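Secondary and tertiary structure notes
Here is how the chains run, residue by residue.
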Amino acid sequence: PVTAVSVQGGQRITLSGIFITDALLGETTYGVDVESGGQVTITRSSIGGGNGSSSAVGVFVGKGSVVLRDNCDGAASGMCPTRCAADEVLGIRGRVATGGDTAAASSAVHVTANASVSTIIANTLCGGTTGAAADVSAVGAAGLRCEKGNCATVSGNFIEGASGRFSVGVVLSGGGGLLAGNAIQPVCASEAVLGLVVEGSSARLENNRVLPSACAANQAKLFRRTAGQPWIRSR
């Protein structure tokens, strides 16, 4: 992968006031990549996932952990009041490209099954853009993707799905964790618009607001998908 900041096993690292806004080029691009048991706190920063032709992720946690806190304009008392508007500065974003590209996946944050427990509080998480013609399942176009319960606490965030063929706000697959007090919104998509996907997870969900898509033709859905079932789709 082409990465702006790579943390390979570093402990107790803090990234504060970091701005990664250039469109990194490559097949897979990451704004910040955490590997080999790295431990990173990211705060008051603006991080983009680049312009990967196959996949782009703002913060990718392959094997390690992150604390994401206050990456949001106007964050106060553990809450983010702002959305993914053009004039917002701070936040974590997925793929930055627009137009007729063929990118398959884009996420603001992806915490994988091999990662350690992470915390995500008071951030603007913007999924970015995927290719309109891309043959990609909905989980590849999410604002936030957490696997095996490795997001222990997700609270006070504004989370927007990626745009393109699919748009999903949050995907929780496996494990537990707490998802509380977030505003979650998918955006425009040509095939499926999904607010929240919970698959094989025992996570606790409370006081979250799942907003409808900004597009009149799309409607957000809150649902549970189990293995072997097709995606619920709406137009």
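Residues numbered from 1 in each chain as written. Predicted model: local features only at pLDDT ≥ 70, side-chain atom pairs only at ≥ 80, totals over all residues. Heavy atoms only, no water.

**Some thoughts on the packing of aromatic side chains**
Counting across every chain of the model gives one aromatic pair. For the ring pair Tyr-30 and Phe-60, a centre distance of 4.4 Å and an interplane angle of 0 degrees mean the geometry is stacked. On the criterion of sequence distance, the pair formed by Tyr-30 in strand 4 (residues 28-35) and Phe-60 in strand 7 (residues 55-61) is long-range, its members being 30 residues apart. (Phe/Tyr/Trp six-rings, centres within 6.5 Å; stacked < 30°, edge-to-face > 60°. Helix = DSSP H or I, 4+ residues; strand = E, 2+ residues; numbered from the N terminus.)

**Regarding the state of the cysteines**
Evaluation of the coordinates by the stated rule reveals three disulfides. Here Cys-72 pairs with Cys-80 through a disulfide, and the sulfurs are 2.0 Å apart. Here Cys-72 and Cys-80 share a disulfide; its torsion about the S-S bond, 80 degrees, makes the bridge right-handed. This pair shows no difference in class: Cys-72 is buried, exactly as Cys-80 is. Two residues, Cys-146 and Cys-151, share a disulfide whose sulfurs are 2.0 Å apart. Residues Cys-146 and Cys-151 are joined through a disulfide that is left-handed, its torsion about the S-S bond being -75 degrees. Considered together, Cys-146 and Cys-151 belong to a single accessibility category, that of buried residues. (Disulfide = S-S within 2.5 Å. Buried < 20%, exposed > 50% of the residue type's maximum accessible area, 1.4 Å probe, protein only.)

Geometric descriptors of this kind do not, in isolation, establish any biological role.
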